[in-house]
Amino acid sequence: MITYIYMVRHGESSKAQGTERTRGLTEKGKEDSERISKMLQKEEIDLFVFSPYQRAILTINDLAAALGKEVFIMEDLKEKVFSLDAVPLTNNELYPYLSKSFSNPDHALAGAESNRVCQKRAIKVLKQLLTTYVGKKIVIGTHGVVMTLMMSYYDRRFDLDFLLHTTKPDIYRMKFMKNELVEVERLWE
């Protein structure tokens, strides 16, 4: 039986407003959220699973509400913890850090998560979803790094280069036969 996972990377958000957990979407992010709703409306989604971060929730919450589908918020789908104080890294800090962490999955800043730890917590959720909701279509509202790490667990082609070429938002439909990934298709244009 086929199970579909739709990885939806959140829309554009401003690092200058709110914390990692509370920052919402920019105007462009809100407009893109409407486009996502129109795109996924026809996919016959069965349930929605969100990261607890507002930007991930706001990106697809309207579609979940419009469809009247089950919604779950899962702490372990949050973005990778980059720093102890939860202050977002600047782009000048982020890219060298990502390069180090993707070349060494155990690399982490003091008090932060390594890629290995982040992947382990997120994959646990994904495996649980694949086991519990066999044959269903599931949207996961998530973030760039954690999405890439979940996808790379099944296929190493989803690496740092892949992450750097994703957009905000982005959508990937993953087709699973039991727990085996058999196909990935990018839906966002």
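Every value quoted in this text rests on a predicted model; they were computed, and no experiment measured them. (Residues numbered from 1 in each chain as written. Predicted model: local features only at pLDDT ≥ 70, side-chain atom pairs only at ≥ 80, totals over all residues. Heavy atoms only, no water.)

Help me understand the overall build of the protein chain, please; the structure alone is not making it clear to me.
Helix and strand content of the protein chain: six helices and six strands. Ordered by position from N to C terminus, the α and β elements of the protein chain give β-α-β-α-β-α-α-β-α-α-β-β. Relative to the compact-globule value of 16 Å for 189 residues, the protein chain shows a C-alpha radius of gyration of 16 Å, a close match. Taking the principal axes of its C-alpha atoms as reference, the protein chain extends roughly 40 × 35 × 25 Å. If you take every contact in the protein chain between residues at least 6 apart in sequence, the share linking residues at least 24 apart comes to 68%. Of the charged side chains in the protein chain, 28 are positive and 26 negative, and the gap between their average positions amounts to 3 Å. (Helix = DSSP H or I, 4+ residues; strand = E, 2+ residues; numbered from the N terminus. Rg over C-alpha atoms; globule rule 2.2 N^0.38 Å. Contact = heavy atoms within 4.5 Å. Lys, Arg positive; Asp, Glu negative; His and termini not counted. Charge placed at Lys NZ, Arg CZ, Asp CG, Glu CD.)

What exactly am I supposed to notice about the packing of helix α4 (residues 115-132) against helix α5 (residues 144-154) here?
The axes of two packed helices give the description: the angle between them and the distance between them. Interaxial distance between α4 and α5 falls to 9 Å at its minimum, and their mutual angle equals 70°. In terms of their interaxial angle, α4 and α5 are classed as roughly perpendicular. Along its contact with α4, which presents Asn115, Cys118, Gln119, Arg121, Ala122, Ile123, Leu126, Lys127 and Leu130, the element α5 presents Val145, Val146, Leu149, Met150, Ser152, Tyr153 and Tyr154. Class assignment for the residues of the contact of α4 with α5 results in 11 nonpolar, three polar and two charged. (Axes fitted to C-alpha atoms, helices over the stretch in contact; angles between N-to-C directions. Parallel < 35°, antiparallel > 145°, perpendicular 65-115°, else oblique. Nonpolar A, V, L, I, M, F, W, Y, C, P; charged D, E, K, R; others polar.)

Explain the sheet that holds strand β2 (residues 47-50) to me, please; I cannot follow it from the model alone.
Across a sheet, strands are paired by hydrogen bonds formed along the backbone, either parallel or antiparallel in direction. Strands sit in the order β3-β2-β4-β1-β5-β6 across an open sheet of six strands; the sheet is mixed. Whereas interior strands pair on both sides, the edge strands pair on one side only; in this sheet they are β3 (70-73) and β6 (180-186). Taking each pair of neighbouring strands and ignoring which way they run, the sheet shows an average axis angle of 20°. Summarising the sheet, strand β1 (residues 2-9) and strand β5 (residues 170-177) pair through eight bridges and their orientation is antiparallel. Counted as the bridge partner of isoleucine 5 is methionine 174 from β5. (Pairing = 2+ DSSP bridges.)

Honestly, the nonpolar core in this entry has me stumped. Any pointers?
Grouped burial of nonpolar side chains is what soluble globular proteins tend to show. Core analysis: the largest hydrophobic core is formed by 34 residues, its most contacted members being Ile5, Met7, Leu126, Ile138, Ile140, Met150 and Met151. Where this core is concerned, the elements lending two or more residues are β1, β2, α3 (91-103), α4, β4 (137-142), α5, α6 (160-164) and β5. Take this core: its biggest share by element is seven residues, from α4. Beyond its immediate sequence surroundings of up to four residues, methionine 7 is in contact with Leu126, Ile140, Thr142, Met147, Met150, Met151, Asp170, Ile171, Tyr172 and Met174. Core analysis: the next-biggest nonpolar cluster, separate from the first, contains 16 residues, Val8, Met39, Ile60 and Trp188 among them. (Core = buried A, V, L, I, M, F, W, Y, C linked by side-chain atoms within 4.5 Å. Buried < 20%, exposed > 50% of the residue type's maximum accessible area, 1.4 Å probe, protein only.)

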